[in-house]
Amino acid sequence: MTYIVGLTGGIGSGKSTIANLFMALGVPVIDADVVARDIVKKGTLLLAKIVDHFGEQILSENGELNRAKLRERIFHHAEDKIWLNQLLHPAIRAEMLRQLDRQTSPYVLWVVPLLIENHLTSLCQRILVVDVTPETQIQRAMQRDSNQLELIQNIMASQVDRQTRLQFADDVIHNDADLTVNLPVLKQKVLELHQQYLQLAHAQSV
Ligand code: ATP
């Protein structure tokens, strides 16, 4: 199996931003959020099960899953959240493992927001954490999604705290500085890590 670098960080920390820099170097990226979206696309068995449970009103006009509605629903109904998680978590995990297994590149970047919370760290050979202060997380997440403060704080409370996350890290990218000034620094850091991961992957394969 290919060498797996798990990339994690709290909400709004910059995981996708950093993953895109690795992608620009040709590194394959498997993103848990993308997998989670793909497995409930229109026409899937899982979407049919969700509609059976919640009714047609959980769909948008175009027949896709209305994610905002679903989020709202499970935010207020704990039993529905449990039901949904029991349906989706094993399916997401199985699909991610299938995709990881298919990789033929020296290493793969596996982006998982809840890598630590969902006990997936043992599947990774290396863990890269994107680290920012809670203040930066709130500011960027609010700006991006015009999310309410309470919702973001709730999500942050459901994730491990900064110190705990950093204890799992083999490598850390600090992402508090604004991209307008710091992009070259981030690119350089990603390039250094990329070279290091290629070496580690090579050492593992011989
Ligand atoms: P989530 O887990 O919530 O999906 P994420 O960890 O993938 O988030 P991103 O989507 O990469 O985080 O970044 C969150 C927001 O902050 C985005 O709008 C992104 O453009 C912005 N952002 C990320 N890094 C920086 C930075 N260094 N300077 C300014 N804006 C940034």
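Since we're looking at a predicted model, the values are computed, not measured. (Residues numbered from 1 in each chain as written. Predicted model: local features only at pLDDT ≥ 70, side-chain atom pairs only at ≥ 80, totals over all residues. Heavy atoms only, no water.)

### Thoughts on the site of the ligand
Piece 1. Lys15, Ser16, Thr17, Arg144 and Asn175 are the nearest of the 14 residues found near the ligand.
Piece 2. Within the backbone of Ser13, an N or O atom sits 3.3 Å from an oxygen atom of the ligand.
Piece 3. At 2.7 Å, a side-chain N or O of Lys15 approaches an oxygen atom of the ligand.
Piece 4. Mapped onto the shell around the ligand, the elements with two or more residues apiece are helix H1 (15-24) and helix H6 (134-145).
Piece 5. When the residues that make up the shell around the ligand are grouped by side-chain class, the tally is three nonpolar, seven polar and four charged. (Near = heavy atom within 4 Å. Polar contact = N/O pair within 3.5 Å; in protein donor to acceptor, adjacent residues only side chain to side chain. Helix = DSSP H or I, 4+ residues; strand = E, 2+ residues; numbered from the N terminus. Nonpolar A, V, L, I, M, F, W, Y, C, P; charged D, E, K, R; others polar.)

### With respect to the nonpolar core
Piece 1. Of all hydrophobic cores here, the largest spans 31 residues; its most connected members are Ile50, Ile58, Leu88 and Trp110.
Piece 2. Of all the elements in the fold, those that place two or more residues in this core are helix H2 (32-38), helix H3 (45-54), helix H4 (67-76), helix H5 (78-102), strand E3 (107-111) and strand E4 (126-131).
Piece 3. The dominant element in this core, judged by the number of residues it contributes, is H5, at six residues.
Piece 4. Residue assignment places this core across two domains, with domain 1 (1-28 + 106-206) and domain 2 (39-102) each supplying three or more.
Piece 5. Those residues in contact with Ile58, other than ones at most four positions away along the chain, are Ile50, Val51, Glu64, Leu65, Asn66, Lys69 and Leu70.
Piece 6. In this structure, Val5, Phe22, Val190 and Leu193 belong to the second largest nonpolar core, which totals 19 residues. (Core = buried A, V, L, I, M, F, W, Y, C linked by side-chain atoms within 4.5 Å. Buried < 20%, exposed > 50% of the residue type's maximum accessible area, 1.4 Å probe, protein only. Domains from an automatic or database assignment. Contact = heavy atoms within 4.5 Å.)

### Quick look at the domain arrangement of the chain
Quoted interface sizes are often the accessible area lost when the parts come together.
Piece 1. Here the chain is described as being made up of domain 1 (1-28 + 106-206) and domain 2 (39-102).
Piece 2. Computed from C-alpha atoms alone, the centre-to-centre distance between domain 1 and domain 2 is 25 Å.
Piece 3. At the junction of the two partners, domain 1 supplies nine residues and domain 2 supplies six residues.
Piece 4. Inspection of the domain 1/domain 2 interface yields zero salt bridges. (Salt bridge = Lys/Arg side-chain N within 4 Å of Asp/Glu carboxyl O.)

### Let's talk about the sheet that holds E3
Hydrogen bonding along the main chain pairs the strands of a sheet, whether they run parallel or antiparallel.
Piece 1. Spatial ordering of the open sheet is given by E2-E3-E1-E4-E5, a layout of five strands whose pairing is parallel. In the strand order of this sheet, the two ends are held by strand E2 (29-31) and strand E5 (171-174), each with one partner. Each strand of the sheet is rotated relative to its neighbour by a mean of 20 degrees, with strand direction disregarded.
Piece 2. Strand direction decides the pairing type here: E2 and E3, joined by three bridges, are parallel. (Pairing = 2+ DSSP bridges. Axes fitted to C-alpha atoms, helices over the stretch in contact; angles between N-to-C directions.)

### Remarks on the layout of surface pockets
Piece 1. Each pocket or cavity is described by its volume, and for the second largest pocket that value is around 150 Å³.
Piece 2. If you go around the second largest pocket, you meet 15 residues; those closest to its centre are Gln137, Val160, Asp161, Arg162 and Arg165.
Piece 3. Put simply, the parts of the chain that give the lining of the second largest pocket at least two residues each are E4, H6 and helix H8 (162-167).
Piece 4. Tallied by class, the residues present in the lining of the second largest pocket amount to seven nonpolar, four polar and four charged. (1 Å grid on protein atoms, 1.4 Å probe; cavity = no way out; pocket = protein on both sides within 12 Å on 5 of 7 lines; lining within 4 Å. Points joined across faces, edges and corners; volume = space filled by probe spheres on them.)

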